[in-house]
Amino acid sequence: MTTLSSGFARARRWLRGHPLAFDAALAFGTLAAMICGSFTAPGDGHGPPAFGARTPELFSVLLMTLSAAALVLRRRRPMQVLAVTGALSVVEYVLMEPPAPVVMGTVIALYTVASRTDRPTTWRVGLLTTVAVTATAMLFGSTPWYSQENFAVFAWTGLAGAAGDAVRSRRAFVDAIRERAERAERTREEEARRRVAEERLRIARDLHDVVAHHIALVNVQAGVAAHVMDKRPDQAKEALAHVRDASRSALNELRVTVGLLRQQGDPEAPTEPAPGLAVLGELVDTFRNAGLPVEVACADRDRLPAAVDLAAYRVIQEALTNVRKHAGAAVRAEVSVVRVGATVEVTVLDNGRGSAGRRPGTGPVGGDGTGGIAPRPRAAPGGDAHAGAGVYGEEPESGGHGLVGMRERVTALGGALTAGPRYGGGFRVHAILPVEARTGEPERPGTAGGTGIRR
C-alpha cells in the first residue's frame, strides 16, 4: 500500500510539472469516452441504453477528434478552446442524427474557463454556453424537447461551470492562507531583526558610556601621577589609587554589559543591577577626585522606572565626562535632577570654555543654542588636551558619538535632549525624560533639540 501511494504521489508531482502532458492524456481519454458513447443508442424509455446498437458516422468521428484535440490547449487558450468545442457541439446537434457526444469536450472546456477566471466571467460565459448548446439540442434533435437527453446536456454544462467556480474559490482561499502565513513569517523575522538591532545599539551606547567615562578618569589620574611622581609621591600614590578604583569600576560595568550577550545556560552570568541615580554620589565622587568640582541637586532618585533611571545616569555621566575632558582648567559643574509633573528634567551646566559666540573651528551658534561643526584643525604641538579640538566639547581622537548616544537614549524613551553653549560662557546639557518610559518607539523627527557640538 505504501509503495502504491508513493507511486501515485510521484506521478502527481510529474504531471504537475508537465501540464501539457496531462492535458494531452486528458484529451485522449475524452476522445475514447466520446467514441465509446457514440456506439451507444438511447433507450426507448423502458430500458437502459444499448451499446453497439449504432455506429458513428465518419463526420461525427472527425468532430469528436477535433474537439478532443482542442482540449490540449485548454490551459493556454481557455476561451478559444471553449468557443471551438461549443461550435463543434452545435454543428453535431444540427447535422447528425442521432448526435454523438461531442458535447463532452464543451463540458471540460467550460470547467477550465470557470476554474481560471473570475466569477462574473464564469456566470456570463457559462450561461451563454449552456443556453446555446441546450437550445440547439432541443430544437434540432429528433427526440421531444423535454427528453432526458436534452436535460442531461443542461445539467452537465451547468455542473461544469459550478465545479470550476468551486475549484477556483478553493485555490484562492488556499493562496490567501499561504500568503498570510508567509507575511506573518516575514513580520516575525523583521521584528526579531529589529529587536536585535535595538539591543545591539543599546549595548553599544552602554559600552561607549562606560569606556568614555572611566578611561577619561584613568587618563587624567595617570597624568597627575606622572606629573607629581618625583616631587610629591604621596599625591602620586593617591592618583594611582583612583586609577585602580576607576579601572575596577570599568571592568565591573563592562562585565555586566557583556553579560547581556551570554546565551541561556552559560555559567556565572552576572546579575548586578544597572547603575542609576541611586549611585549618583559615587559617580560624582570620581569626578571630584579627578579635580572637577561638582555640585548636585537631585530629588526622587529612587522613584523612577529602571529605563528612565539608567538614561538619566548615563546622560549625567557622559556630560560630566565631556566637561572634564574638554572644558579646560578651573571649571566647575552643576548637576540637577528635578521632577516636573510626569517628566524628569536632568540638567548639567559648566562654566568652561563654551560661549555663545563664534569660536575657532566652529560654525555660528544657531538660535536653538547649537553650533555648526567645521572641519577639525590639527592639535597644537605642546598644547593642552583640548587645544587641538577645534570644537568645544569635540574630541579629535573620537568618533564624536557622545551626544548622539545621549540623544538616541533619551528619544528612545520618548523624551527630548538639548545641548549647546551657554550665553556668557560654558555649556549646557538638558534632558527631559517621561516618567512612563516608552521604550522601543522609533525616533521621531524633531524630538531632540540641538545636538550641540560636543562628542
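Computed from a prediction, not measured in an experiment: that's the story for all the values here.

**Q** Describe the overall build of the protein, naming the residues involved and giving the relevant values.
**A** For the protein, the count of helices and strands is 11 helices and 9 strands. Going through the 455 residues of the protein one by one, you find that 38% of them count as buried. Counting only contacts in the protein whose residues sit at least 6 apart along the sequence, the fraction spanning at least 24 positions is 68%. Counting only carbon and sulfur atoms, one obtains 61% of the accessible surface of the protein, whose full area is about 25,500 Å².

**Q** Can you tell me about the sheet that holds strand 9 (residues 427-434), naming the residues and giving the values?
**A** Here 5 strands make up an open sheet; going across it, the order is 3-4-5-9-8 and the pairing mixed. Looking at strand neighbours, the two that pair on one side only are strand 3 (294-298) and strand 8 (416-421), the edges of this open sheet. Neighbour to neighbour, the strand axes of the sheet diverge by 10° on average, direction disregarded. Running at roughly 155° to strand 8, helix 11 (residues 402-412) makes contact with strand 8 and strand 9 of the sheet.

**Q** Tell me about helix 3 (residues 58-70), residues and numbers included.
**A** Its 13 residues give helix 3 an end-to-end C-alpha distance of 19 Å, which sits within 8% of 18 Å, the value for a rise of 1.5 Å per residue. Among all positions in helix 3, only S60, L63, M64, S67, A68 and A70 are buried. Burial along helix 3 is one-sided: seen end-on, the buried residues are contained in an arc of 160°. As for helix 3, its buried residues are in contact with helix 2 (19-38), helix 4 (78-95) and helix 5 (103-116).

**Q** Hey, could you go over the nonpolar core for me, with residue numbers and the actual values?
**A** V294, V315, I316, L320, V346, L417 and V429 are the most contacted members of the largest nonpolar core, which totals 40 residues. A per-element tally of this core places helix 10 (residues 306-326) first, with 9 residues. A70, I108, V113 and A160 belong to the second largest nonpolar core, which has 12 residues in total.

**Q** Give a detailed account of the pattern of salt bridges, specifying residues and quantitative values.
**A** The tally for this structure, following the rule as stated, stands at 12 salt bridges. Close ionic contact of D165 with R119 constitutes a salt bridge, the shortest N to O distance being 2.9 Å. On the criterion of sequence distance, the pair formed by D165 in helix 7 (residues 148-228) and R119 in helix 6 (residues 119-140) is long-range, its members being 46 residues apart. According to the relative accessible area criterion, D165 is buried, its value standing at 14%. The exposure class assigned to R119 is partly exposed, which follows from its relative accessible area of 41%. The closest approach of N and O atoms between R178 and D175, which form a salt bridge, is 3.1 Å. Placement of the pair is R178 and D175 together in helix 7, with a separation of 3 residues, close to one helical turn. On the basis of relative accessibility, which here comes to 45%, the residue D175 falls in the partly exposed class. Through salt bridges with shared partners, a single network forms among E191, R194, R195 and E198.

**Q** Can you lay out the pairing of strand 4 (residues 333-340) for me, pointing to particular residues and giving the numbers?
**A** Direction of pairing for strand 3 relative to strand 4: parallel, over a ladder of 5 bridges. Across the sheet, A297 pairs through a bridge with S336, a residue of strand 4.

**Q** Talk me through the packing of helix 10 against helix 11; I want residue IDs and the actual numbers.
**A** As a packed pair, helix 10 and helix 11 sit with axes 10 Å apart at the nearest point and diverge in direction by 165°. Relative to helix 11, the element helix 10 is oriented roughly antiparallel. Classified by chirality, the crossing of helix 11 by helix 10 is left-handed. Residue-level contacts link L310, A311, R314, V315, E318 and A319 of helix 10 to G402, M406, R409 and V410 of helix 11.

**Q** I'd love a proper account of the side chain of T112, names of residues and values included.
**A** Take T112: it is sitting in helix 5. Within the structure, the side chain of T112 is placed 2.7 Å from the side chain of R74, a separation counted as a polar contact. Polar contacts involving the side chain of T112 include one to the main-chain carbonyl oxygen of I108, which spans 3.0 Å. Here T112 is in contact with R74 and P78, once residues within four sequence places are set aside.

**Q** Can you break down helix 2 residue by residue, with the values?
**A** Taking 1.5 Å of rise per residue, the 20 residues of helix 2 would be expected to cover 28 Å, and the 28 Å separating its terminal C-alpha atoms lies within 8% of that figure. Taken together, the buried positions of helix 2 are occupied by D23, A27, T30, L31, M34 and S38. Taken around the axis of helix 2, the buried residues stretch over an arc of 105°, which confines them to a single face. Looking at the buried positions of helix 2, the neighbouring elements they touch are strand 1 (40-41), helix 3 and helix 5.

**Q** Tell me about the packing of helix 2 against helix 5, and name the residues and values.
**A** Closest axis-to-axis distance for the helix 2/helix 5 pair is 9 Å, and the angle between their directions is 145°. Considering the relative orientation of helix 2 and helix 5, their crossing is right-handed. Here L26, T30, A33 and M34 of helix 2 come into contact with helix 5, specifically with M104, G105 and I108. Its residues assigned to classes, the contact of helix 2 with helix 5 shows 5 nonpolar, 2 polar and no charged.

**Q** Tell me about the environment of T122, residues and numbers included.
**A** Within the fold, T122 resides in helix 6. The class of T122 is buried, set by a relative accessible area of 8%. Along the backbone, T122 and G164 are 42 residues apart, and their C-alpha atoms lie at a distance of 8.6 Å. Residues contacting T122, with those up to four places away along its chain left out, are V113, A114, T117, L127, G161 and D165. Polar contacts involving the side chain of T122 include one to the main-chain carbonyl oxygen of D118, which spans 2.9 Å.

Thresholds, definitions, all that
- Residues numbered from 1 in each chain as written.
- Predicted model: local features only at pLDDT ≥ 70, side-chain atom pairs only at ≥ 80, totals over all residues.
- Heavy atoms only, no water.
- Helix = DSSP H or I, 4+ residues; strand = E, 2+ residues; numbered from the N terminus.
- Buried < 20%, exposed > 50% of the residue type's maximum accessible area, 1.4 Å probe, protein only.
- Contact = heavy atoms within 4.5 Å.
- Areas by Shrake-Rupley, 256 points an atom, 1.4 Å probe, with all protein chains shown as cover.
- Pairing = 2+ DSSP bridges.
- Axes fitted to C-alpha atoms, helices over the stretch in contact; angles between N-to-C directions.
- Expected span 1.5 Å × (residues − 1).
- Arc of directions from axis to C-beta.
- Core = buried A, V, L, I, M, F, W, Y, C linked by side-chain atoms within 4.5 Å.
- Salt bridge = Lys/Arg side-chain N within 4 Å of Asp/Glu carboxyl O.
- Parallel < 35°, antiparallel > 145°, perpendicular 65-115°, else oblique.
- Left-handed = near helix turned anticlockwise from the far one by under 90°.
- Polar contact = N/O pair within 3.5 Å; in protein donor to acceptor, adjacent residues only side chain to side chain.
- Nonpolar A, V, L, I, M, F, W, Y, C, P; charged D, E, K, R; others polar.

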